[in-house]
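# Tertiary structure, described
Listed below, chain by chain, are the residues.
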Amino acid sequence: MAQKTLIQAVTDALHAELKNDENVLIFGEDVGKNGGVFRATQGLQDEFGEDRVFNTPLAESGIGGLSIGLALEGFRPVAEIQFFGFVFETMDSIVGQAARTRYRMGGTRHLPIVIRSPFGGGVHTPELHSDNLEGLIAQSPGIKVVIPSNPYDAKGLLISAIRDNDPVVFLEHMKLYRSFREEVPDEDYTVPLCKAAVTREGTDVSVITYGAMVREAIKAADSLEKEGISVEIIDLRTVSPLDVETIVKSVEKTNRAVIVQEAQRQAGVGAAVMAELSERAILSLEAPIGRVAAPDTVFPFGQAENDWLPNAKDIEAKVKETVNF
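Residues numbered from 1 in each chain as written. Predicted model: local features only at pLDDT ≥ 70, side-chain atom pairs only at ≥ 80, totals over all residues. Heavy atoms only, no water.

## Quick look at the packing of helix α8 (residues 213-225) against helix α12 (residues 312-323)
The contact between α8 and α12 brings their axes to 8 Å, and the two run at 55 degrees. Regarding the angle of α8 to α12, the classification is oblique. Viewed along their axes, α8 and α12 form a crossing whose handedness is right-handed. Along the contact surface, α8 presents M213, E216, A217, K219, A220, S223 and L224, while α12 presents A312, I315, E316, V319 and K320. Broken down by class, the residue content of the contact of α8 with α12 amounts to seven nonpolar, one polar and four charged. (Axes fitted to C-alpha atoms, helices over the stretch in contact; angles between N-to-C directions. Helix = DSSP H or I, 4+ residues; strand = E, 2+ residues; numbered from the N terminus. Parallel < 35°, antiparallel > 145°, perpendicular 65-115°, else oblique. Left-handed = near helix turned anticlockwise from the far one by under 90°. Contact = heavy atoms within 4.5 Å. Nonpolar A, V, L, I, M, F, W, Y, C, P; charged D, E, K, R; others polar.)

Written out as structure tokens, the structure reads:
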């Protein structure tokens, strides 16, 4: 078992499914010889050929339409949107068409599409590249939204997404691509979609989060442990649909909750988590639900990112406020 980065785990998953199923196709802008902007598809065209791993024109709307057409013809397309800030060009394909096709056709047809895309702050990208837009898709029934926080989950979740018979948007946080390594099995394996993970057991407060904020939550929990505060961390992994059962079970145990997201307060999925807890676990709460999120402004230019993005210190402060209520 090798130590791998998240981007290497993504490549492993793509390689495994290209080898496993001849109907899997990978396409997007520069995913062929170049291997994509972040080299997620590096070497795949050389091994599997241009018919199965190929470049598209610089037109996200075309990528979305091609995905639907191929899926209807029995293929399992894995399309890359080069940065998720460009998703607006293909929103009709994803939300207006792919998300409702199984319902529209009475369950007789499925669209096994995966839309992969990098997103997220902390790497000083140009405007429109870092935006956290997962909430836009998460509010649309009929499509799963998956966001891994570590290499092991990235490989297992992506394999599960490609094998799923319905559309999945699979978002990969850019800051996590090469920031750390962990053991990832060489063989194929799956991590279940729509199931949150208890990343860290705790007794005093549940921190519910996803993506890069899981790493920040772990840092905060390590610091808070020295002060006698035991933090349980729930990694949502799939942000739509939410694993409400795991979330509620954790809060019923700790009696306090802090929701953490990188997206702005009005964006992301934090508000949906808070609403579910308010409906299902309010009698278990001993303090108001805390929330850590970015300000309600557009994503800032790179020079201001570090001041704008939530971090471990913000999580620590909110946890202390909640525990000491």
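## Here's the deal with the pattern of salt bridges
Enumeration according to the criterion identifies 20 salt bridges in this entry. Between R116 and E80 there is a salt bridge, with the nearest N and O atoms lying 2.9 Å from each other. Note that R116 is positioned in strand β5 (residues 114-119) and E80 in strand β4 (residues 76-80), a separation of 36 residues in sequence. Classification of R116 by relative accessible area gives buried; the value is 2%. When the shortest N-O distance is used, the salt bridge between E286 and R256 registers 3.3 Å. Of this pair, E286 sits in the loop between α10 (270-280) and β14 (290-294) while R256 sits in the loop between α9 (244-254) and β13 (257-264); the two residues are 30 residues apart in sequence, bridging distant segments of the chain. (Salt bridge = Lys/Arg side-chain N within 4 Å of Asp/Glu carboxyl O. Buried < 20%, exposed > 50% of the residue type's maximum accessible area, 1.4 Å probe, protein only.)

## Examining the environment of N20
Mapped onto the elements of the fold, N20 is located in helix α1 (residues 6-20). Overall, the relative accessible area of 47% leaves N20 in the partly exposed class. Sequence separation between N20 and D188 is 168 residues; the distance between their C-alpha atoms is 9.5 Å.

## Quick look at the layout of surface pockets
A water-sized probe, rolled over the atoms, reveals where empty space remains. Within this model, the largest pocket holds a volume of roughly 360 Å³. For the largest pocket, the lining is made up of 23 residues, of which D131, N132, L133, Q264 and F299 are closest to its centre. At the level of elements, α6 (134-138) and α11 (305-308) are the ones that each hand at least two residues to the lining of the largest pocket. Classifying every residue of the lining of the largest pocket by side-chain character gives nine nonpolar, 10 polar and four charged. Considering only enclosed or pocket space, the second largest pocket measures out at about 250 Å³ in volume. Forming the boundary of the second largest pocket are 18 residues, of which K175, M213, E216, K219 and P310 lie nearest the centre. Tallying contributions element by element places α8 first for the lining of the second largest pocket, with four residues. (1 Å grid on protein atoms, 1.4 Å probe; cavity = no way out; pocket = protein on both sides within 12 Å on 5 of 7 lines; lining within 4 Å. Points joined across faces, edges and corners; volume = space filled by probe spheres on them.)

## A short note on empty space enclosed by the protein
Under the criterion given, the structure shown has three cavities of 30 Å³ or more. The calculated volume of the largest cavity comes to roughly 60 Å³. Around the largest cavity, the lining residues are G64, S67, I68, T90, S93, I94, A98, I113, I115, I143 and P167. For the lining of the largest cavity, the elements supplying multiple residues, two or more each, are α3 (60-72) and α4 (91-97). Looking at the lining of the largest cavity, the element that brings in the most residues is α3, giving three residues. Partitioning the lining of the largest cavity into residue classes produces seven nonpolar, four polar and no charged. In this structure, the second largest cavity encloses a volume near 40 Å³. Forming the boundary of the second largest cavity are F119, N132, E134, H173, Y210, G211, A212, M213 and E262. In terms of residue class, the lining of the second largest cavity is made up of four nonpolar, three polar and two charged.

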